[in-house]
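Coordinate analysis (summary)
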Amino acid sequence: MATSYAIRSFRNALLAIVLVGSLTTACKKSGIGGGDVDPRDQYVGTYDGGYQASNLINNTLESSRESGKVTVAITKSEVPNQFYIELTFNGAASQKLTAEMTNNTFTVIDKQSETLVFDGKSYPNSKYTATGQFVEKDFLMNTVTETLQSGVTLSRRGSITGTKK
């Protein structure tokens, strides 16, 4: 009879260990007890850099490159995987955009058109796209504004780069 009590005690102790172990492991897997890190946090801040832009006809360089200084401020949106980009060009003109992030790349989601000024003429509602990425402490963004006029593609392509302060 003493042997059956020893086996039962051993079995109960083993069952208790398995139960406690599974409960603590389940909590860790579901994120209970440990704060999840927002991947956007590493990109929030101010980046100093520059921009370049050129006008093209049918994707062939038409104008000399325009360039200048840019400051980029990144802040988090209330929406997960989204953030705000505030661009200040040459210390004066500014623009605020919303981007959606996947890993370290992003796409601007709240601006689909803008006026393209080409050879002294304005083309409102030209298609606008902007994509970019974060590489270590660097911010990189490419923009394209484009319209089709009489079978000819007119576009303005730009690049913005900055390094986190």
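Residues numbered from 1 in each chain as written. Predicted model: local features only at pLDDT ≥ 70, side-chain atom pairs only at ≥ 80, totals over all residues. Heavy atoms only, no water.

Bringing the nonpolar core into the picture now. V72, I85, F134, F139 and M141 are the most contacted members of the largest nonpolar core, which totals 20 residues. Excluding residues that lie within four positions of it along the chain, M141 makes contacts with I85, L87, L97, F106, V108, Y128, A130, T131, G132, G158, S159 and I160. (Core = buried A, V, L, I, M, F, W, Y, C linked by side-chain atoms within 4.5 Å. Buried < 20%, exposed > 50% of the residue type's maximum accessible area, 1.4 Å probe, protein only. Contact = heavy atoms within 4.5 Å.)

A word on the packing of aromatic side chains. A full pass over the atoms with the stated rule returns nine aromatic pairs. Members of the aromatic cluster, joined through ring pairs, are Y43, Y47, F83, F106, F134 and F139. The cationic tip of K96 hangs over the ring face of Y84; the distance from NZ or CZ to the ring centre is 4.7 Å. (Phe/Tyr/Trp six-rings, centres within 6.5 Å; stacked < 30°, edge-to-face > 60°. Lys NZ or Arg CZ within 6 Å of the ring centre and 35° of its normal.)

We now examine unusual backbone geometry. Even without a glycine there, the phi angle at N103 is positive, about 60°. Its place among the elements puts N103 in the loop between β5 (93-102) and β6 (105-108). With a phi angle near 50°, S150 is a residue other than glycine that sits in the positive phi range. Relative to the helices and strands, S150 resides in the loop between β9 (138-149) and β10 (152-164). The exposure class assigned to S150 is exposed, which follows from its relative accessible area of 80%. (Helix = DSSP H or I, 4+ residues; strand = E, 2+ residues; numbered from the N terminus.)

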